Amino acid sequence: MDSNPMVSSLLNKLANYTNLTQGAQEHEEADDDEGAKKKAVKSPQMGTFMGVYLPCLQNILGVILFLRLTWIVGTAGIMESLMIFMQCYCTMLTAISMSAIATNGVVPAGGSYYMISRSLGPEFGGAVGLCFYLGTTFAGSMYILGTIEILLVSVDALLNNMRVYGTCCLALMSLVVFVGVKYVNKLALVFLACVILSILAIYAGVIKTAFEPPDFPVCLLGNRTLQNHNFDKCLKTEVIGNVTVTTALWKLFCEGPELNATCNDYFKYNNLTELQGIPGLTSGVISDNMWGDYGPLGMLVENTRVASVPVADNSQDVYMPYVVNDITTFFTLLVGIYFPSVTGIMAGSNRSGDLRDAQKSIPIGTILAIATTSIIYVTCVVLFGACIEGVVLRDKFGDSVKGNLVIGTLSWPSPWVIVIGSFFSCCGAGLQSLTGAPRLLQAIARDGIVPFLQVFGHGKANGEPTWALLLTAGICEIGILIASLDAVAPILSMFFLMCYLFVNLACAVQTLLRTPNWRPRFKYYHWALSFLGMSLCLSLMFISSWYYAILAMGIAGCIYKYIEYRGAEKEWGDGIRGLSLNAARYALIRLEEAPPHTKNWRPQLLVLLNVDADQVVKHPRLLSFTTQLKAGKGLTIVGNVLEGTYLTKDLKYAHTDIHTCMKNIKSAMSAERTKGFCHVVVSSNLRDGFSHLIQSAGLGGMKHNSVLMAWPGTWKQSNDPQSWKNFIETVRETTAAHQALLVAKNVDSFPTNQDRLGEGTIDVWWVVHDGGMLMLLPFLLRQHKVWRKCKMRIFTVAQMDDNSIQMKKDLQMFLYHLRLDAEVEVVEMHDSDISAFTYEKTLVMEQRSQMLKQMQLSRTEREREIQSITDESRSSIRRKNQGGAHGVSPSRQSSQMEDTQEDELIHDRNTASHATMNDKVETGPERVHMTWTKEKLFTERNRNREPNANVAVRDLFNMKPNQSNVRRMHTAVKLNEVVVNKSQGAHLVLLNMPGPPKNRGGDENYMEFLEVLLEGLNRVLLVRGGGREVITIYS
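The name an unreviewed UniProt entry assigns to the protein is Solute carrier family 12 member 7, from the organism Myripristis murdjan. Taken from UniProt, the Catalytic activity (unreviewed entry) comment for the protein reads in full: "K(+)(in) + chloride(in) = K(+)(out) + chloride(out)". What UniProt records for the protein under Subcellular location (unreviewed entry) is the sentence "Cell membrane".

Remarks on unusual backbone geometry
Each neighbour pair has its own omega, and for W412 with P413 the value is 10 degrees, a cis peptide bond. With respect to the helices and strands, the residue P413 is situated in the loop between α17 (406-410) and α18 (415-447). You will see that H738, though not glycine, has its phi angle at about 55 degrees, which is positive. As for its placement among the helices and strands, H738 is situated in the loop between α27 (722-736) and β10 (740-745). The exposure class of H738 is exposed, given its relative accessible area of 63%. A positive phi angle is found at N746, which is not glycine, with a value near 55 degrees.

A look at helix α20 (residues 485-513)
Helix length check: α20, at 29 residues, gives a terminal C-alpha distance of 42 Å against a target of 42 Å (1.5 Å per residue), a fit within 8%. Counting buried positions over the 29 residues of α20 gives 27, a clear majority of the element. Remark: R514 follows α20 within two positions and exhibits a positive phi of approximately 55 degrees.

Observations concerning the sheet that holds strand β14 (residues 988-992)
Strand order in this open sheet of ten strands is β8-β7-β6-β9-β10-β15-β14-β11-β12-β13, and the pairing throughout is mixed. Here the strands that pair on one side only, and so sit at the sheet edges, are β8 (677-683) and β13 (823-828). Averaged over all pairs of adjacent strands, the angle between their axes in this sheet comes to 20 degrees, without regard to strand direction. Note: strand β9 (residues 706-710) against β10, five bridges, orientation parallel. From the neighbouring strand, M709 faces β10, where its bridge partner is V743. Most of the contacts of helix α26 (residues 686-696) go to strand β7 (residues 636-643), to which it runs at about 155 degrees, and overall it touches β6 (605-608), β7, β8 and β9.

Concerning the pairing of strand β4 (residues 243-246)
As paired strands, strand β3 (residues 237-240) and β4 are joined by four bridges and run antiparallel to one another. Within β4, the residue paired with E238 across the bridge is V245. Adjacent in sequence and paired antiparallel, β3 and β4 are bridged by two residues, among which G241 carries a positive phi angle near 60 degrees.

As for the nonpolar core
In this structure, L69, M142, Y338, F384, I388 and F502 are the most contacted members of the largest nonpolar core, which totals 150 residues. Per element, the largest residue contribution to this core is 20 residues, and it comes from α20. Once residues within four sequence positions are removed from consideration, L69 is found in contact with I64, F85, Y338, Y377, C380, V381 and F384. Core analysis: the second largest hydrophobic core is formed by 53 residues, L623, V638, V680 and A744 among them.

Comments concerning the state of the cysteines
Covalent bonding between the sulfur atoms of two cysteines is what defines a disulfide. Counted by the stated rule, this structure contains two disulfides. The disulfide partner of C219 is C234, and the S-S distance across this bridge is 1.9 Å. Between C219 and C234 the sulfur-sulfur dihedral comes to about 75 degrees; the bridge is accordingly right-handed. Of this pair, C219 sits in strand β1 (residues 217-221) while C234 sits in the loop between β2 (224-225) and β3, placing them 15 residues apart in sequence. Between the sulfur of C254 and that of C263 lies a disulfide, 1.7 Å long from S to S. Looking down the S-S bond of the C254 and C263 bridge, the torsion is 105 degrees, so its handedness is right-handed.

Concerning helix α5 (residues 69-84)
In an α-helix, one turn spans 3.6 residues; hence positions three or four apart end up facing the same way. Taking 1.5 Å per residue as the helical rise, α5 with its 16 residues ought to reach 22 Å, whereas the 11 Å between its terminal C-alpha atoms falls clearly short. Largest kink in α5: about 110 degrees, centred on G77.

Concerning the sheet that holds β2
Pairing is antiparallel across the open sheet formed by three strands, whose spatial order is β2-β1-β5. Edge strands, defined here as strands with exactly one partner in the open sheet, are β2 and β5 (272-276). The sheet contact formed by β1 and β5 spans five bridges and is antiparallel. Bridging from a neighbouring strand, P217 pairs with Q276 of β5.

Rules and cut-offs
- Residues numbered from 1 in each chain as written.
- Predicted model: local features only at pLDDT ≥ 70, side-chain atom pairs only at ≥ 80, totals over all residues.
- Heavy atoms only, no water.
- UniProt positions renumbered as here; feature names shortened; annotations may be inferred.
- Helix = DSSP H or I, 4+ residues; strand = E, 2+ residues; numbered from the N terminus.
- Buried < 20%, exposed > 50% of the residue type's maximum accessible area, 1.4 Å probe, protein only.
- Expected span 1.5 Å × (residues − 1).
- Pairing = 2+ DSSP bridges.
- Axes fitted to C-alpha atoms, helices over the stretch in contact; angles between N-to-C directions.
- Contact = heavy atoms within 4.5 Å.
- Core = buried A, V, L, I, M, F, W, Y, C linked by side-chain atoms within 4.5 Å.
- Disulfide = S-S within 2.5 Å.
- Bend = angle between axes of the 7 residues up to and from the residue.

Dropping the structure here:
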């Protein structure tokens, strides 16, 4: 009951839920810090208007409205400008998606980063969060450049000083943010008031132009617009005291003030005309501004309605005071420059921690703010086109109206209202960016998903992100060094569009997956709207600047892969995990349970691992071999069986064993770079556990078709025969399940993933056709860099009546059709008499087997019995050797020169317990004699055993080996001799694995046969096919 709180206390905690400030430790991690004292947080009180609507309004309306909107209208025309404002639909769709996410539960401070990361997972969240951070940082650069541009245009300073003034302004703003963020927040209302007053001044000026247009004359030479900086009168000459004198304008186009001075040809043949820059709402100028006027860099701003006389030589025009295009203009460029004017829709969600009811305020406030700003932008486009002359609209810096802001000439009561208002607005927006961006970076760093950003999670004692502020200022300086608002705007457009794209994707994924936790209070959303918004974002990215779009997507992709590769694993219940589950379910349903076509067959491995008493993996090289064989392709299941009872009274220790074992296996898989799944089963005995794994591992069509295990190398020395019995039963289980079996002998000597084997061979001994497994495995191994330099050799065995030459040709042709590069060699095995060594080997094997079956002895007694039986059988073996020495193979003759040497050989190879006994002479409570005679055996046995056991032991001394066993042993010995002779230096030897006997009474003999077959070889892989073809010559 302690872990389950009462309902009343639970409801009380939910009702009083408060969020931490942005950039502070988030609630998932905060709950884990036991003993940490939580500071009392003041209950949030902000409503929809103050908490969402006004912040969004302030962030959306900004520098582009004051400095570029008139130029966009003049360049693109009213109709195409309205098409540009289609971007408002993009932000509206994004706001709908954001509202659905924000109302799906409590959203702590963190804004879009929190929403995306918790909806799409840490990889997407980190990538998009850093893109949003970069966008916010470059927005700070844009606002600072806008501030400096207003300053320079107003005081007639040189634009070349943009970098110097911008850097100084950035340093000052960064210092303000570092010293006193609270003052920035307090001044936010002042900055907002400046924005609203400036917009009201614009509307007031528009109304005033209807009956009293302001006086802002524009001077045209022919149809070319002149920069009105260095002259006051739009005249070539004037009469003063009946004397005709030249004006200041004359001196700009002529070589001197004299009337007979040499002048520019265009100035000589064209007249000066003076137009009103603001003709007014009722002037009808709207028809002339309806369509665009794009042009290249350096194109003169001309009024095509005014007549002019063209001249042949225009080479001097660049030195004349004409108004020209400072950049090449085209529609897509204007899209990228305009988009920052509709960003800022996240301002409300970023303040979710300060809202009284975030789930109600965020949708209403954000959508109303977008609707309001959309109306403002659309009406401004139409009113600017209806009130301002086209050449003035295309004059970006107001050179034709004495350096005034073009939008300022329209305002009432004075242009300085717009100058002051826009200056403080840009300053405030810049400070807000320099305040918000470091906190966003701090939140990402404290989440721990990007390891190299950990340092930016630290700050001052009060939590202010000092290091993040320094990085933000550094990135912001890069934007300022570009020194062009028109060049910086598309950069931040990319990052914001990337962020909005993933907000729409998050909403669409959650909606389509229908996850149980997806229950937003905001109901006016649909996955189709989210996909439409996502498509619009992607289209706008490539429309505005395809190379910036590719760069932004590349940055996001690199961050995504880095987080996936190195980042901390987080489980946030994100939609991508749900999407993966749905995709996996769909794929498993589509994947037929029938076996795949031979062309698609690859070993889907079930790796049977063993662990020691401390739950540590015994043979980690088995996982290395798996990695080299699979290379991350297909299915790999690493299985293990723990002996015990799953439902036990001591539940804690039982589950601890399972979890520890799984953790250790996963650690070993990670260390060996084995990609796959871990499956640990608890069973009452190992045999049943392995049987259950072989039968039930996998799901649907994704089941294993091959089993990989290690050879039980210590089966002879083991006191428990169950170890090798379990091995043989596993062989039988795989055969019954029609699965392939791979058994690695001396697996601990196999190469690691860091090794690089030099020139060498992988030898395949193709004795029995097994469906092509023996040929496919070396090919797969050679794909890995460990085995890449190894060559493949295939040996096949020919009998006396086989045509060896024809067999080699046929095998070479078969390999050619299989597209496999391998050397082919046919080995002839002649029938020969059974050697004494083989006879003795078989006899001792059968005696040992029979003895262990018939006698239930203690360990000490069993060792003594084995020694006695071996001593008793030596004399008969010597007699047989003397009579049949001609049948001994040459490789064994050297060991038979002396009986003593032969006895040692026989004993050492077949009675490993003897060596053990020699080492442990003094270990027992009574001394064990090195020589154990028959008489001592009978004496000792009669003291502890019933008299009726005497007959069984006596029969052992008179045994004759079974002839079928002798033949099998003979085959194993001869084949081992050939393999050792040919392949002892090979890096890996692949052999057919003989099947186990049908009669379980011969299991131990089967193990002896395999031991003899593998004797003298280092790395061996026994292969047993699954009963189907796995390689084909067809395409």
